[in-house]
Amino acid sequence: MIPFGDPSASYQTHKSEIDQAIKRVLDSGWYVLGTEVDAFEKEFVSFHGKDFHAVGVANGTDAIALCLRGLGLGIGDEIITPSHTAVATVAGIEQAGCTPVFADIDPVSRCIDPQSIEERIGPKTRAIMPVHIYGQPAAMHRILEIGKANQLEVIEDCSQAHGAEINGQKVGTFAKLSAFSCYPTKNLGGTGDGGVILCRSKDLANKIKSLRQYGWNEHRESTITGFNSRLDEMQAAILRVKLRHLSDDNEKRRLIAQKYNRAFEDLPVTLPSQNTNELHAMHLYVIECERRDELLNHLRSKEVGASLHYRLAVHQHAAYANRIRGGDELSMTEYFYQKNLTLPMFPQLCEEKLEHVISSLTSWFKNGNYP
Ligand SMILES: Cc1ncc(COP(=O)(O)O)c(C=O)c1O
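Reading guide: rules and limits
Residues numbered from 1 in each chain as written. Predicted model: local features only at pLDDT ≥ 70, side-chain atom pairs only at ≥ 80, totals over all residues. Heavy atoms only, no water. Pairing = 2+ DSSP bridges. Helix = DSSP H or I, 4+ residues; strand = E, 2+ residues; numbered from the N terminus. Axes fitted to C-alpha atoms, helices over the stretch in contact; angles between N-to-C directions. Contact = heavy atoms within 4.5 Å. Near = heavy atom within 4 Å. Polar contact = N/O pair within 3.5 Å; in protein donor to acceptor, adjacent residues only side chain to side chain. Areas by Shrake-Rupley, 256 points an atom, 1.4 Å probe, with all protein chains shown as cover. Nonpolar A, V, L, I, M, F, W, Y, C, P; charged D, E, K, R; others polar. Patch = residues over 30% accessible without salt bridge, like charges linked within 9 Å, V, L, I, M, F, W, Y side chains within 5 Å. Salt bridge = Lys/Arg side-chain N within 4 Å of Asp/Glu carboxyl O. Buried < 20%, exposed > 50% of the residue type's maximum accessible area, 1.4 Å probe, protein only. Parallel < 35°, antiparallel > 145°, perpendicular 65-115°, else oblique. Left-handed = near helix turned anticlockwise from the far one by under 90°.

K.L.:
Explain the sheet that holds strand 8 (residues 177–181) to me, please; I cannot follow it from the model alone.
P.N.:
With mixed pairing, seven strands are arranged side by side in an open sheet as 1-9-8-5-4-2-3. Since the sheet does not close on itself, it has two edges, and those belong to strand 1 (53–57) and strand 3 (99–103), each with one partner. Each adjacent strand pair in this sheet contributes to an overall mean axis angle of 30°, direction not counted. Of the pairings in the sheet, the one linking strand 8 to strand 9 (residues 195–199) comprises five bridges and is antiparallel in character. Looking at the pairing, Leu 177 lines up with Cys 199 of strand 9. Helix 3 (residues 35–48) contacts strand 1, strand 8 and strand 9 of the sheet and is inclined by roughly 130° relative to strand 1. In this fold helix 7 (residues 140–149) packs onto strand 4 (125–128) and strand 5 (153–157), with an angle of close to 150° to the strand it touches most, strand 5.

K.L.:
Would you explain the site of the ligand in this entry?
P.N.:
Around the ligand, 14 residues are found, and the nearest of them are Gly 60, Thr 61, Asp 157, Ser 181 and Lys 186. A distance of 2.9 Å separates an oxygen atom of the ligand from a polar side-chain atom of Gln 160. Computed on the free molecule, the ligand has an accessible area of 390 Å², of which 88% lies beneath the protein chains in the complex. Of all the secondary structure elements, the ones that give two or more residues to the shell around the ligand are helix 4 (60–70) and helix 5 (87–95). Here the shell around the ligand is built from residues that sort into four nonpolar, eight polar and two charged.

K.L.:
Would you explain a nonpolar patch on the surface in this entry?
P.N.:
A surface patch of nonpolar side chains, amounting to about 270 Å² of accessible area, comprises Leu 26, Tyr 31 and Val 32. With respect to the helices, strands and loops of the structure, Val 32 is situated in the loop between helix 2 (15–28) and helix 3. Its relative accessible area of 38% is what places Val 32 among the partly exposed residues.

K.L.:
Help me understand the pairing of strand 1, please; the structure alone is not making it clear to me.
P.N.:
Every other side chain in a regular strand lies on the same face of the sheet, so the side chains alternate between the two faces. Of all five residues in strand 1, four are buried; the element is thus mostly enclosed. Two strands pair when backbone bridges link them, and strand 1 and strand 9 are joined in this way by five bridges, in the antiparallel orientation. Bridge pairing links Ala 54 to Leu 198 in strand 9.

K.L.:
Honestly, the packing of helix 3 against helix 9 (residues 233–264) in this entry has me stumped. Any pointers?
P.N.:
Packed helices, taken two at a time, are described by the angle between their axes plus the distance between the axes. Put simply, helix 3 and helix 9 touch, their axes get as near as 8 Å, and they point 25° apart. As far as their axial angle goes, helix 9 and helix 3 are roughly parallel. In this structure, helix 3 crosses over helix 9, and the sense of that crossing is left-handed. Across the interface between the two elements, Thr 35, Glu 36, Val 37, Ala 39, Phe 40, Glu 43, Phe 44 and Phe 47 of helix 3 pack against Glu 233, Ala 236, Ala 237, Leu 239, Arg 240, Leu 243, Leu 246 and Ser 247 of helix 9. When grouped by side-chain class, the residues that make up the contact of helix 3 with helix 9 number 10 nonpolar, two polar and four charged.

Structural data, given as structure tokens:
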């Protein structure tokens, strides 16, 4: 089966550098929050080309919760976010004690729809959390305008979009604070859990550094109530290696996407949006089509590991159903969830396998399976 993503291929590609990094950490005798984390944080900031600050944390869900806690948000504060995201976005909001509110998506970008955000703003709304879903940048300029006009914080969930850009500016640098997951399948993924926060203000970064470790000050005295959300040295050392290759790896993803786009342009499928002023991080290549489940079964019978991202929107999961404001007005999201289908996408996807995915999909349509 050709997988839809392949973290082990990423390790094999960068094996000698990663093995050296792991050995360096093992030999150092210092395993959590040390020089590798410090170096990763600095390198992550310089990758983004802005005078920001980074804070390495244990995972992307904690990164979201820590951003909110860092801003002083918590019980009673509403955060507008899409239901079309990983459950983790909403779990992170609730972990901070905040209340998620769902806005619908724009059917072209599949990211949060600015107009729907405006419709959801209420007296308890404190922040907007757009998600750059699949690596597609959200409409950040418009979202920041809405944030400013309504005195709302904006926090970017960049977990699927490391290295994506709008007009040459990297996502994660539009808002005051941004959260990234470094889970192994991500464009910048380690070999275990990991996450990082990008932050415009040094004071806020220092507060979040304290929050990630029991709210400690430099004397290990808890001055605020915090979490344990430390990034370990092994993951930081591996992420430093992966970061050096991130732009090249993203370019390889985009080349694969171009080949898919060309091969599918005349088929009755909706392709990911292609905007000339943006760099898509191509975390996932997701199409939309009729008779999706039949096509999924066909692809699987051809050993193509197509899958659904996601099978359910967050408001359709039992844990979130019928209890989140906005969850009953998500027509675009619900429409998308009947049609979405994810095809294999990772930098090491070779020409032969790519051709196999393409011919397996196109043959299904050639065989008369038009809607
Ligand atoms: C959009 C989005 N937000 C947040 C997360 C949370 O990341 P983690 O799994 O590292 O907690 C993920 C990863 O699954 C994600 O895809």
